[in-house]
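What the coordinates show
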Amino acid sequence: MKRDDIKNILGEGASEEQITNLLNAFHNSSKEAKNKIDELNAKLSDYDAKLSDYDDIKKKLDDINKANMSEQEKLEADKKLTAETLKKAQIIYNTAKVKEILSGENVDENLISNLVSDNAEVSIANANALKQTLTNLKDSVEKKTRESFATANLKPSITNVNQGEDAMTFEKFAQLSAEAQEKFIAEHPDEFDKL
C-alpha cells in the first residue's frame, strides 16, 4: 500500500505522521503475516516430508507384509503337501501291513484297498477281522465236509448190473438153444469170454 492510498482512506486532514504510523503498522502486520505464512509453509513442508516418509515406510511395511504373506502362503502350501504325502505314505505302509496279515489268503486287491485307511490301528483291525472271518468260514466248511463224509454211505450201489440173479454161467449157457447162444454171444461178447 502507498501513501496516496492511505491519504485517500484517511481523508485530506490526515497528518504525515499518522500516514507513516499507519503504513508502518500495515507493513509490520503484513510482515508478521508473511512471517506467519513462512512459518506455516515451513511446518507444512516438514509435515509433507514426514508424510512422504510415512508413505515410504508404509509402502515398505506393506511390501514386507506381502512378502511375509507369500512366504506364509508357501509354508501353508508346503504344510498341506507334506500332510497329503504323509497320508499317502501311511496308506502304503498300512496296505503292506494288511497284505502281510492276509498272506496266504486269496483276497482281491479291491477288498484290500477298502480295508486300508491312513489309520494303522483301524487297518490292522479290519485285516484281522477279515482273517478271522475267513478262518471261521474254512473251519465251518471243513467241519461240515468231515461230518458229511462220516455219515455218507460208502457202499457202492450198482443199479444197472444184475446182482447175480441173472448172471450167465457156463451151465446156463450150455442149456440155451443154439439160436439163444448165438444171440448171447452177439449181444454180450465180454461176458461170453468170462464164461
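Numbering of residues starts from 1 in each chain and follows the order in which that chain's sequence is written. Reporting of local features is limited, given that this is a predicted model, to residues whose pLDDT is at least 70; pairs of side-chain atoms are given and counted only at 80 or more, and all residues count toward the totals for whole chains, interfaces and linings. Computation of side-chain values: all heavy atoms of the structure, hydrogens and water removed.

Things to note about the overall build of the protein
In this text, helices come from DSSP runs of H or I with a minimum length of four residues, and strands from runs of E with a minimum of two, each type numbered from the N-terminal end. The number of helices and strands found in the protein is seven helices and zero strands. Secondary structure elements of the protein, listed N to C terminal, follow the sequence α-α-α-α-α-α-α. Here the protein has a C-alpha radius of gyration of 61 Å; the compact-globule value for 195 residues is 16 Å, and the former is much larger. With respect to the principal axes defined by its C-alpha atoms, the protein has extents near 195 × 40 × 25 Å. The cut-offs for exposure are 20% and 50% of the maximum accessible area for each residue type, with area from a 1.4 Å probe on protein chains only; residues under the lower value are buried, those over the upper are exposed, and the others partly exposed. Burial analysis of the protein (195 residues in total) assigns 9% to the buried set. Throughout, radius of gyration means the C-alpha value; the globule benchmark is 2.2 Å times the number of residues raised to the power 0.38.

Thoughts on the nonpolar core
Residues Val-98, Leu-102, Val-107, Ile-112, Leu-115, Val-116, Ala-127 and Leu-130 constitute the largest nonpolar core, which totals eight residues. Leave out the neighbours within four places in its chain, and Ala-127 touches Val-98, Ile-101, Leu-102 and Leu-115. What we call a nonpolar core is a set of buried Ala, Val, Leu, Ile, Met, Phe, Trp, Tyr and Cys residues that are connected through their side-chain atoms within 4.5 Å. The contact definition used throughout considers only heavy atoms, calling two residues in contact when any of these lie within 4.5 Å.

A word on the environment of Ile-91
Its place among the elements puts Ile-91 in helix H2 (residues 16-101). Placed 60 residues apart in sequence, Ile-91 and Lys-31 show a C-alpha to C-alpha distance of 88 Å. When near neighbours in sequence (up to four residues on either side) are disregarded, Ile-91 contacts Val-116, Ser-117 and Asp-118.

Overview of the packing of aromatic side chains
Any two rings among Phe, Tyr and Trp, with Trp reduced to its six-membered ring, count as a pair given centres within 6.5 Å; such a pair is stacked if its planes are under 30 degrees apart, edge-to-face if over 60, and tilted if neither. Scanning the model with the defined rule gives one aromatic pair in all. Centre to centre, the rings of Phe-173 and Phe-184 are 6.0 Å apart; their planes meet at 55 degrees, and the pair counts as tilted. One end of the pair, Phe-173, is in helix H5 (residues 170-175); the other, Phe-184, is in helix H6 (residues 178-187), and eleven residues separate them in sequence. Comparing Phe-173 with Phe-184 shows no difference in burial state: the two are buried.

Remarks on the pattern of salt bridges
We define a salt bridge as a contact between a side-chain nitrogen of Lys or Arg and a carboxyl oxygen of Asp or Glu at a distance within 4 Å. Under the defined criterion, the tally for this structure stands at seven salt bridges. For Lys-138, the salt bridge identified is with Glu-105, shortest N-O distance 3.1 Å. On the criterion of sequence distance, the pair formed by Lys-138 in helix H4 (residues 120-151) and Glu-105 in the loop between H2 and helix H3 (109-115) is long-range, its members being 33 residues apart. Classification of Lys-138 as partly exposed rests on a relative accessible area of 47%. Given the relative accessible area of 17%, Glu-105 is considered buried. The shortest N-O distance in the salt bridge between Glu-142 and Arg-146 comes to 2.9 Å.

Comments concerning the confidence of the model for the protein
The predictor rates its confidence in each residue with pLDDT, a number between 0 and 100. Per-residue confidence for the protein gives a mean pLDDT of 83, with 92% of residues at or over 70. Looking at the elements of the protein, mean pLDDT is at its lowest for helix H1 (residues 3-10), recorded as 71, and at its highest for H4, recorded as 91.

Structural notes on H2
To estimate how far a helix should extend, the number of its residues minus one is multiplied by 1.5 Å. For H2, spanning 86 residues, the distance from its first C-alpha to its last is 123 Å, which sits close to the expected 128 Å at 1.5 Å a residue. Turning to H2, its buried residues number three or more, namely Ile-19, Leu-23, Asn-94 and Val-98.

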